[in-house]
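Understanding the architecture of this molecule
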Amino acid sequence: MLLKGERTFVVRDAGGFVAHVNMPGWLKPKPRDHGHGPLAMIVESLLNPGRLIAMHEHRDDEIVSWVPDGVMRHDDKATGRLVVDRDHLMVMNAGTGFWHSEETLASDPPLRMLQILIRPSAAGLDPKIQYGPIPAAAANVWRHLVGPEGEGAPFYVRSAVDIFDIRLDAGARAEFPRKQGRDLYFYVFSGAVVVDGQSFAEGEQGLHLSDASLEAEAKSSSLLVAFLLDPNAPFARQGTVGDHRKIPPAIIIRAFLKWRKFRQLSRRAS
C-alpha cells in the first residue's frame, strides 16, 4: 500500500530559520505514532544568510544532516567547526548528550536542507559524531548514504534504517531500493515524480507499507531521498527532538486529519 502525504502543515518560523516538520506516521489512515518505526521525523530546514542557532543539546536522537545545496556551518564542544555541503554529510549519534550550534555566514547562500531524526535502538548510548565526504552522485542512480551500524554504509545510525538519495533527469525512471521486511518512505526535495500512478510534487512524501518493488518516473528534473526501515525493529522514544513532549498525541492528529478531509470534501462540493 502506497500512502501519499501532501506538503506538511507543521511549519515553525523562528525568524530567519523555518522548519517544515514531516511526520511519517501521520500518513497512515489512523495514526498511532508520529513516526513510523525507528524513523521519527524529517525536517526540511531553511536558514537565511547570517543566521545563528545557538548552542543547544540533543539526547537519544540519531540526526542526519543532508545538504544538497548551500552550506551549514556546525560547531560542537567535542569536534569543533565543520562545514556540511553537497559533498559532505554529518551524522550526530547524540546518545547521552551532544551540544552543537548551526549557522550561515552573511556571505553564504540561503540554506535548504533535511535534518533526519532517527530513533536509536536503545537510549543512553555513547555520543558520537560522524563527518566526511560522500561518494559523487551519478545521475539516475540511487546513492547509499547511511545504514545500520556495522553493515558497511558510508555513515551509520544505531537503528534499522537505510538512507539513499537520487537525482533524476526529466523522463528518467528508477526503481526504489528494497530490502526484505523493510517499508519504504520517500521525500521529494525538488521536482515532480509519478509513483504507482500517483503524482508527488516538491515537499510531498510517500509511505509504502511493503517491501514490494516500486518505481519513480520524473516529470521534471527531481531530487529524492528514500528510507528503508524495519517497522518492527526495537527503538527508544526518548529523543529530545524526534520525540519531543510537545508533539501532539495521535488521537488529536486523527481528529484533525478527519476534520481536514471533511473540509476539503465540503469545499469541492460547494
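Think of each chain on its own: its residues are numbered from 1, step by step along the sequence as written. In keeping with the model being predicted, local features are shown solely for residues with a pLDDT of at least 70 and side-chain atom pairs are shown and tallied solely at 80 or more, while totals for entire chains, interfaces and linings include all residues. Each side-chain value is worked out from all heavy atoms of the structure, with water and hydrogens disregarded.

Considering a positive patch on the surface
This is how it is decided: Two joining distances apply to patches: 9 Å for like charges and 5 Å for nonpolar side chains (Val, Leu, Ile, Met, Phe, Trp, Tyr), and every residue must have over 30% relative accessible area and no salt bridge. Note that accessible areas follow from Shrake-Rupley with a 1.4 Å probe, and for residues the cover is restricted to the protein chains shown. The term salt bridge refers to a pairing of a side-chain nitrogen on Lys or Arg with a carboxyl oxygen on Asp or Glu at a separation within 4 Å. His is not counted, nor are the chain ends; Lys and Arg add positive charge and Asp and Glu add negative charge. Note on charges: their place is set at NZ of Lys, CZ of Arg, CG of Asp or CD of Glu. A run of H or I in DSSP becomes a helix once it reaches four residues, and a run of E becomes a strand once it reaches two; helices and strands are each numbered from the N terminus. Exposed residues in this analysis have more than 50% of their type's maximum accessible area, buried residues have under 20%, and partly exposed residues fall in between, with area computed by a 1.4 Å probe over protein chains only.
Taken together, the side chains of K30, R32, R254 and K258 define a basic patch exposed on the protein surface. Take K258: it is sitting in helix α1 (residues 250–269). With relative accessibility at 67%, the residue K258 sits in the exposed group.

Brief notes about the pairing of strand β9 (residues 88–93)
Rules: One bridge is not enough; two strands pair if DSSP finds at least two bridges between them.
With 5 of its 6 residues buried, β9 lies for the most part within the structure. As judged from the 6 bridges shared by β9 and strand β12 (residues 128–133), these two strands associate in the antiparallel manner. Bridged to N93 within β12 is K128.

Thoughts on the environment of I163
Operational definition: Between two residues, a contact is recorded if the distance between any of their heavy atoms is within 4.5 Å.
Residue position: I163 is located in strand β15 (residues 161–168). A relative accessible area of 2% places I163 in the buried class. Spatially, the C-alpha atom of I163 lies 9.3 Å from that of A153, the residues being 10 residues apart in sequence. Other than its neighbours up to four places away in sequence, I163 contacts V64, I116, I118, R143, H144, L145, V146, V225, A226 and F227.

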